[in-house]
Amino acid sequence: MTPITEVEGRRVALSNLEKVLYPETGFTKGELLHYYATTAGALLPHLRDRAVSFLRYPDGPEGQQFFTKNVPPGTPEWVTTAGVPRSSADAPARMVVVQDLPSLVWAANLVTEFHTHQWLVQSPDEADRLVFDLDPGAPATVVHCCEVALWLRERLAADGIEAYPKTAGSKGLHLLAAVRGGSSERTSEYAKALAVEAERALPRLVVHRMTKSLRPGKVFVDWSQNAARKTTATPYTLRARRVPLVSAPVTWQEVEDCRDPARLDFRADDIAPRLQDLGDLMAPLLDRDRAAPLPAP
């Protein structure tokens with residue numbers, strides 16, 4: 001019988017709590033749910049008012065993985081959903097918006113990574129986030145991503161934009177910044193211009209094009225995730241990797257000091273003590289007064 005738990009007055013069905021999702025560590029579905037419930041205070045503000053794409057892996061990272069963008073069948077009526085524009089020729093998609101703890105626990109029971117757009121459902125025509133996904137091509141590692149991130153931090157600061165780093169939860173690094181006054185298209189153009197500039201400044205280290213033959217030994221500065229239709233792993237989401245790695249916010253000091261890729265590997269059980277010691281390092285992204293205007297074209 002599927003157990004039912006009550007979360008803030010909502011009845012949420014949970015399933016297969018003893019199922020091992022990460023065989024290498026024995027991390028179970030019950031532990032996954034516990035992680036999300038105890039990290040909700042930091043995670044929920046980064047999900048709230050954003051349409052969510054779910055990367056589901058119900059049988060663990062070694063099983064089938066698939067994206068769910070439309071509202072899944074069986075979604076409780078109390079879970080918030082929103083119409084999301086696709087193209088002028090298509091009707092809006094209907095997507096989940098995780099607004100509260102019961103919705104988070106329900107979604108976590110699906111076994112999923114959380115991915116969100118760089119805009120709010122209330123204002124889909126205005127980007128409120130700028131993102132760079134720094135993806136190393138072997139033999140480059142996250143150590144090389146840190147070098148690129150430091151260059152981008154200074155370049156963004158020259159335009160009055162403050163960037164915040166987090167691990168991708170796999171092999172790279174993400175930089176996020178709060179912006180205002182620009183469309184996703186305009187934000188993408190700005191991000192691409194900086195990626196091209198980074199390649200010119202660091203030609204032996206950076207590539208701004210996705211072409212695989214160009215990427216070995218370099219860091220691909222992926223600017224394209226600023227497009228309106230694209231989503232990026234949300235801060236604090238677990239990732240479908242070999243072990244329960246988290247897309248974890250990090251300090252700039254940790255970025256500066258990184259000489260070993262393992263230094264920026266954070267697992268589920270690392271996050272509670274980090275939150276206790278450091279708080280949510282990405283909380284400034286939630287302060288609309290700190291959002292910077294995009295520079296004029």
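Since the model is a prediction, treat every value here as computed from it, not as a measurement.

(A) Local environment of the overall build of the protein. Counting secondary structure elements, the protein contains 6 helices and 16 strands. For 297 residues, the compact-globule formula gives about 19 Å, and the C-alpha radius of gyration of the protein, at 19 Å, lands near that figure. Along the first, second and third principal axes, the C-alpha atoms of the protein reach 60 × 45 × 40 Å. Put simply, 70% of the contacts in the protein that link residues at least 6 apart link residues at least 24 apart. Of the charged side chains in the protein, 35 are positive and 37 negative; the average position of the first set lies 5 Å away from that of the second.

(B) Geometry of the packing of aromatic side chains. The final tally for this structure, using the stated rule, is 6 aromatic pairs. Note on Tyr 22 and Tyr 57: the rings are 6.2 Å apart at their centroids and 75° apart in plane angle, and the pair reads as edge-to-face. With Tyr 22 in strand β3 (residues 20-22) and Tyr 57 in the loop between β5 (51-56) and β6 (66-68), the pair connects residues that are 35 residues apart, well separated along the chain. Using a relative accessible area of 0% as the deciding quantity, one classes Tyr 57 as buried. Measuring from centroid to centroid gives 5.2 Å for Tyr 36 and Phe 114, while their planes differ by 85°, and the two rings are edge-to-face.

(C) Here's a closer look at the nonpolar core. Judged by nonpolar contacts, the single largest core of 72 residues is most densely connected at Leu 32, Leu 104, Phe 132, Leu 134 and Leu 238. By residue number, the principal contributor to this core is helix α1 (residues 29-47), which donates 9 residues. Tyr 164, Leu 176, Ala 178 and Ala 291 belong to the second largest nonpolar core, which has 7 residues in total.

(D) Broad picture of the pattern of salt bridges. Using the criterion set out here, one finds 15 salt bridges in the structure. In this structure, Arg 241 engages Glu 113 in a salt bridge whose closest nitrogen and oxygen atoms are separated by 3.8 Å. Taken together, the residues Arg 241 in the loop between β15 (232-233) and α5 (252-257) and Glu 113 in strand β9 (residues 112-116) connect sequence positions 128 residues apart. As a salt-bridge pair, Asp 128 and Arg 129 come within 3.5 Å of each other at their nearest N and O atoms. Here the residues in one salt-bridge network are Arg 50, Asp 128, Arg 129 and Arg 288, joined through shared partners.

(E) View of the environment of Val 105. Relative to the helices and strands, Val 105 is located in helix α2 (residues 101-108). When residues no more than four places from it in sequence are discounted, the contact partners of Val 105 are Val 7, Val 12, Leu 14 and Leu 33.

(F) The arrangement of the state of the cysteines in detail. Within this structure, the stated rule accounts for 0 disulfides. Cysteine Cys 145 remains unbridged, with the sulfur of Cys 146 as its closest cysteine sulfur at 7.0 Å. You can see Cys 258 has no disulfide; the closest cysteine sulfur is in Cys 146, sitting 4.3 Å from it.

(G) Layout of helix α4 (residues 184-201). A rise of 1.5 Å per residue sets the reference length of α4, with its 18 residues, at 26 Å; its end C-alpha atoms lie 25 Å apart and thus fit the reference within 8%. Considered for burial, the residues of α4 that qualify are Ser 184, Arg 186, Thr 187, Ser 188, Tyr 190, Ala 191, Leu 194, Ala 195, Val 196 and Ala 198. On its buried face, α4 is in contact with β10 (127-136), α3 (142-158), β12 (173-182), β13 (206-207) and β14 (219-222).

(H) Structural context of α3. The end-to-end C-alpha separation of α3 is 24 Å, in line with the 24 Å expected for 17 residues at 1.5 Å each. Among the residues of α3, Val 142, Cys 145, Cys 146, Val 148, Ala 149, Leu 152 and Leu 156 are the ones counted as buried. Buried residues along α3 cover an arc of 170° about the axis, so they all sit on one side. The first or second residue beyond α3 is Gly 160, which carries a positive phi of 80°.

(I) Fine view of the side chain of Arg 50. Mapped onto the elements of the fold, Arg 50 is located in the loop between α1 and β5. At a separation of 3.5 Å, a polar atom in the side chain of Arg 50 contacts the main-chain carbonyl oxygen of His 117. Aside from chain neighbours lying at most four places away, what touches Arg 50 is Val 96, Val 97, Val 98, Thr 116, His 117, Gln 118, Trp 119, Leu 120, Val 121, Asp 128 and Arg 129.

(J) Quick peek at the side chain of Lys 166. On the secondary structure map, Lys 166 appears in strand β11 (residues 163-167). Buried Lys 166, no salt bridge; nearest opposite-charge side chain is Asp 133, N-O distance 8.0 Å. A distance of 2.7 Å separates a polar atom in the side chain of Lys 166 from a polar atom in the side chain of His 174. Reaching out from Lys 166, the side chain makes a polar contact with the backbone oxygen of Ala 233 at a distance of 2.8 Å. Those residues within four positions of Lys 166 in sequence are excluded, and the remaining contacts are Leu 173, His 174, Leu 176, Ala 233, Thr 234, Pro 235, Ser 247, Ala 248, Pro 249, Val 250 and Met 282.

Conventions we followed
Residues numbered from 1 in each chain as written. Predicted model: local features only at pLDDT ≥ 70, side-chain atom pairs only at ≥ 80, totals over all residues. Heavy atoms only, no water. Helix = DSSP H or I, 4+ residues; strand = E, 2+ residues; numbered from the N terminus. Rg over C-alpha atoms; globule rule 2.2 N^0.38 Å. Contact = heavy atoms within 4.5 Å. Lys, Arg positive; Asp, Glu negative; His and termini not counted. Charge placed at Lys NZ, Arg CZ, Asp CG, Glu CD. Phe/Tyr/Trp six-rings, centres within 6.5 Å; stacked < 30°, edge-to-face > 60°. Buried < 20%, exposed > 50% of the residue type's maximum accessible area, 1.4 Å probe, protein only. Core = buried A, V, L, I, M, F, W, Y, C linked by side-chain atoms within 4.5 Å. Salt bridge = Lys/Arg side-chain N within 4 Å of Asp/Glu carboxyl O. Disulfide = S-S within 2.5 Å. Expected span 1.5 Å × (residues − 1). Arc of directions from axis to C-beta. Polar contact = N/O pair within 3.5 Å; in protein donor to acceptor, adjacent residues only side chain to side chain.

Read these as geometric descriptors, not functional statements.
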